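This is what each chain is made of:
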Amino acid sequence: MSSLWLAKKRKAELVDFAEQLGLRVDGYLKHDIENLLTDYLDTHSDEYLNDPTFSAYYDTMATRSPVKHTLSVAAISDAPLTRSTRRRTTRYAVESLTENASTAEEESPEPRSTERTLRSGSRSLSTRTPRTVRSLREAAQVPLPPTPAAIADAIESGTNAIRESAKKAVEKVAIQEKAISVRDRLSNVVSVNAVSLVYEAIILLYHLIPFTYTARIPTIPIIENSPKLFLLPDLFVLLTAGFWGPFATWLATAIFIPLANAYFFNLTATAARSSSDTVVSGSGSGEEYRADPLAFAVTKALIAYLVHYKGFEFMGLFNPNNLAIVGGSVGRETQLIGAGIASLAAFWESILKR
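Residues numbered from 1 in each chain as written. Predicted model: local features only at pLDDT ≥ 70, side-chain atom pairs only at ≥ 80, totals over all residues. Heavy atoms only, no water.

Draft legend 1. The arrangement of the overall build of the protein chain in detail. What the protein chain contains, in helices and strands, is 15 helices and two strands. Classification of the 354 residues of the protein chain by burial places 23% in the buried group. When contacts within the protein chain are restricted to residue pairs at least 6 apart in sequence, long-range pairs at least 24 apart make up 63% of them. As displayed, the protein chain offers around 25700 Å² of accessible surface, 62% of which is attributable to carbon and sulfur atoms. (Helix = DSSP H or I, 4+ residues; strand = E, 2+ residues; numbered from the N terminus. Buried < 20%, exposed > 50% of the residue type's maximum accessible area, 1.4 Å probe, protein only. Contact = heavy atoms within 4.5 Å. Areas by Shrake-Rupley, 256 points an atom, 1.4 Å probe, with all protein chains shown as cover.)

Draft legend 2. Local environment of a nonpolar patch on the surface. Residues Tyr213, Leu232, Phe236 and Leu239 make up a contiguous nonpolar surface patch of about 480 Å² in total accessible area. Residue placement: leucine 239 occurs in the loop between β2 (228–233) and α12 (241–264). Assessed through its relative accessible area of 75%, leucine 239 is described here as exposed. (Patch = residues over 30% accessible without salt bridge, like charges linked within 9 Å, V, L, I, M, F, W, Y side chains within 5 Å. Salt bridge = Lys/Arg side-chain N within 4 Å of Asp/Glu carboxyl O.)

Draft legend 3. Up close: helix α11 (residues 189–208). With 20 residues, α11 extends 29 Å from end C-alpha to end C-alpha; this agrees with the ideal 28 Å at 1.5 Å per step. For α11, the secondary structure elements touched by its buried residues are α10 (175–186), α12, α14 (293–309) and α15 (320–353). In this structure asparagine 188 caps α11, since a side-chain oxygen of it lies 3.3 Å from the backbone nitrogen of valine 190. (Expected span 1.5 Å × (residues − 1). Polar contact = N/O pair within 3.5 Å; in protein donor to acceptor, adjacent residues only side chain to side chain.)

Draft legend 4. Main features of the packing of aromatic side chains. Scanning the entire structure with this criterion turns up 15 aromatic pairs. Consider the rings of phenylalanine 314 and phenylalanine 318, whose centres lie 5.4 Å apart with planes at 85 degrees: the pair is edge-to-face. For the cation-ring pair, arginine 332 lies above tyrosine 309, with the distance from its terminal atom to the ring centre recorded as 4.7 Å. (Phe/Tyr/Trp six-rings, centres within 6.5 Å; stacked < 30°, edge-to-face > 60°. Lys NZ or Arg CZ within 6 Å of the ring centre and 35° of its normal.)

In short, the description is geometric, and any link to function would need to be established separately.
Have a look at this one:
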């Protein structure tokens, strides 16, 4: 172990100390010189203890316990020679090995080709896919479970596909065009009167045709349903006068007489002819009906009031019993309300056409 005092010195100073002590340190490293000086000064402490050059060394060494060294002066003096001899031997050995290698290369060129073969083989081995990379590729090919985002995208794409298919089906069937056509046909006064008459006819037929026959649906084992009974209408009543008397009375008072009056008192025909003869800027021509809807509604309301409220029988043309059946089944107020709605529709249509 070298001294701290020697460790702080530079290599040039250590070389000067070694020359003063008569030591050869050619080719030594700084650490080796420190160890050599430490061993030599420890061995000859009696001679150099009072030397002012090395007194500081012994002062620093006094703080630690003395260490016995087994190196002798002869060994120390022979150490540099041995080191230099080893270096020379190594140099000669390297030179001899170099000469032998060059001679071997000149005599046998086969090892060089063998070396090239080995290098090419190592390169080919290095270009192969490692096992870890191969396993990673195989793992990448394994299908992973879908993420929530992928599931949401799949649901959205499926919904869009269903929507597009439904849209194409609707366009193919042309439901929208048919709905618009039906709306245009129903958006008039004639349709309003027709709906009112159909409603009255259904009520009257339900009252005149009795439901006496029953139909039974048996139990079906597959669906495990309970047996049910359905009532069927007795259509044989259509062959009796009890059906045709009230029904004919309703047809006459609700349809035939108002329709005849609307045909002869047709105000729409007069308006259409006058508009075709006289052209007025900014005004449209009125539509001509074969029977005036407003006159039809007013006549129907007037007849319903006279027949059901005043008991007018048209000079015995209608049977009072049939009038009572019609008034009791259809309802006197129902006919008046239907006629009033048709009148309002006729007024509104005439206003829009003006």
